[in-house]
Structures are given as C-alpha cells and as structure tokens.
Amino acid sequence: ERHPDVVFLNPAGTTNGPNLKSFYGRTYESQYLCGMIAGGISKSGKLGFVAANPFGLVNWTVNAYLLGAQKVNPNASLTVVFTGAWGDPVKERAAAEALVEQGIDVIGQHVDTPTPQIVAQEKGIYGTGHHRDLSEFSTATQCSSVWRWEKFLQPEIEKISSGNFEPAPYGAFLSIADGGTDIACCGDAVSDDLKAKVMAERDALIAGKHVFAGPLSDRDGTSRVAAGEVLGDGDLWGMDWFVNGVTGQ
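Reading the values: rules and limits
Residues numbered from 1 in each chain as written. Predicted model: local features only at pLDDT ≥ 70, side-chain atom pairs only at ≥ 80, totals over all residues. Heavy atoms only, no water. Axes fitted to C-alpha atoms, helices over the stretch in contact; angles between N-to-C directions. Helix = DSSP H or I, 4+ residues; strand = E, 2+ residues; numbered from the N terminus. Parallel < 35°, antiparallel > 145°, perpendicular 65-115°, else oblique. Left-handed = near helix turned anticlockwise from the far one by under 90°. Contact = heavy atoms within 4.5 Å. Nonpolar A, V, L, I, M, F, W, Y, C, P; charged D, E, K, R; others polar. Pairing = 2+ DSSP bridges. Buried < 20%, exposed > 50% of the residue type's maximum accessible area, 1.4 Å probe, protein only. Polar contact = N/O pair within 3.5 Å; in protein donor to acceptor, adjacent residues only side chain to side chain.

A. Structural context of the packing of helix α1 (residues 27–41) against helix α6 (residues 192–206). One can describe the packing of α1 onto α6 by two numbers: an axis separation of 10 Å at closest approach and a directional angle of 160°. Here α6 runs roughly antiparallel to α1, going by the angle between their axes. As for how α1 packs across α6, the hand of that crossing is right-handed. Contact with α1, carried on its side by E29, Y32, L33, M36, I37, G40 and I41, involves L194, K197, V198, E201, R202 and L205 of α6 and no other residues of that element. Taken together, the residues of the contact of α1 with α6 sort by class into 8 nonpolar, 1 polar and 4 charged.

What follows is the structure, encoded as structure tokens:
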C-alpha cells in the first residue's frame, strides 16, 4: 500500500491486492507423478516420505504421492515423517534412516535438501526428489518434482514492464500447464512401460484431470470428495487430513 507504483509477486502467499499477486504451483500434480514412479519401482509397496511441516501445501504432496503410487500399485502404503524444518540435513537423515529401518524401499520428500536421496543411495533403495532434479546428488533418485517458474514469471514480468499487469483477487494457482511444477524423469530403474504410464497421466493432468477427484475418503473413512466432484482450491490449501494408506502424525 505504501508503494502503489511497484508490483509485488509473492510465492506461496495468500494476500492479493491491486499491486500484489500471490502465486504457487500445484505441487500435488508433480508429486502424484513421482508417486507413480515410486509405486511402480517398489518391490514391497512400502513407501516413505520426509516432509517439513504438516499443513496444506505439504499434506497435499503426501496425499498425492500415495494416490499416484496406488494408481500403479493399489496396495501401496506410505509412512511420512515430519521434521519441523524446511532444510535441516540432520533431522532429514534421522527421518530417512528411521523409514528405511521400517522396511520402505522408495523414499519421497518435501524438504529443501537432498539428504533423503543421499540416504537412499547409501541404503541401496530408490528415491524421488523435490524442488529440482536431485539425481545430481544421488544415483538413487528416479524422479523429481521440479519448479518451472520461468514459464510463469517471464510472461508475468513482461506484462509488468509493459504496464499491463493484471491483478488477481485470488492469486495464481499454477498447474503443470500453467508453469508451476513438472517432473524430471526418469532414472534407470524405471521401465519404458512405467514411464509411458506416467507421461500419459501427465498429459491427462495438462488436459484438466484433477488428482483429488471423488469419490475420496480420508484414512478415518470420512468422505472428503463426493463422486463426480473435485476438491476446491480453498480445501486444497487448508488440507489437514490424509488419504487411506498414509501413516504419520
């Protein structure tokens, strides 16, 4: 408000105004696809996930990851450990090692360091990354959810610089098609058949498929999305429940 001649872009924000636009990617889409990879390469069906904090935009990655895994392995399960920190390699290592001790053979993540992937390599299991292609740090990494901000930010900044900025009362919620996240795939453990299934689902998401489509219940059996419906953005942002098959706090 003090600088009306300046446009502010706020990633992961929730406030919008005449010169303020909040934006975030629908990371559940890319994590759903990486979950398919995890479910497809797992021999035990037991998956693990290291996450930072249990609120909406993290919980939706946990849920989508398992839904993706169950797309190719209906019996897949997921154990999630929350570290309480976005980037704490010590806590991430402890969480990842604890998950391996529980018998998981693929580990996913929504934390900021590649530590879970490094642990996966050390323990001889597979992993999927978050934020960027983490195969740079670990040979265990078979898929990563990666940001593609340039697809959104370049045209947005061009609009601002030309004086054509368009305020958005509800911000910008970016799908793979819009330039939020995408996947870096695939590692050498991924068969051509599995990769084809994942890319077909990616095409479906770009065409409008919704990850959280009904009928969908939480792990307590409560209906969360009715048949023929999809979860709205407000409910996505405030997601405080887990799908059936997730074990965690």
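B. Highlighting the sheet that holds strand β12 (residues 246–247). Spatial strand order, β9-β7-β6-β5-β3-β4-β12: 7 strands in an open sheet with mixed pairing. If you trace the sheet from one side to the other, it starts and ends with β9 (181–185) and β12, each paired once. In this sheet, strand β5 (residues 106–110) lies alongside strand β3 (residues 46–51) in parallel orientation, the contact comprising 5 bridges. Bridging across to β5, L47 finds its partner in V106. Where helix α3 (residues 89–101) meets the sheet, it contacts β3, β4 (77–82) and β5, and its direction lies at approximately 170° from that of β3.

C. Structural context of the sheet that holds strand β1 (residues 8–11). Pairing is parallel in the open sheet, where 3 strands are placed in the order β1-β2-β8. The outermost strands of the open sheet, each flanked by one partner alone, are β1 and β8 (172–174). Each adjacent strand pair in this sheet contributes to an overall mean axis angle of 25°, direction not counted. Sheet analysis places β1 next to strand β2 (residues 20–25), joined by 4 bridges and oriented parallel.

D. Molecular detail of helix α4 (residues 115–123). Buried residues of α4: T115, P116, Q117, V119 and A120, and no others. Close packing links the buried residues of α4 with β3, α3, β5, β6 (126–131) and β7 (141–147). Note on α4: the residue one or two positions beyond its end, G124, has a positive phi of about 75°.

E. Local environment of the side chain of D218. Secondary-structure assignment places D218 in the loop between β10 (216–217) and β11 (223–225). Side-chain polar atoms of D218 contact the backbone nitrogen of D220, separated by 2.9 Å. Setting aside residues no more than four positions away along its own chain, D218 makes contact with R224, W241, F242, V243 and N244.

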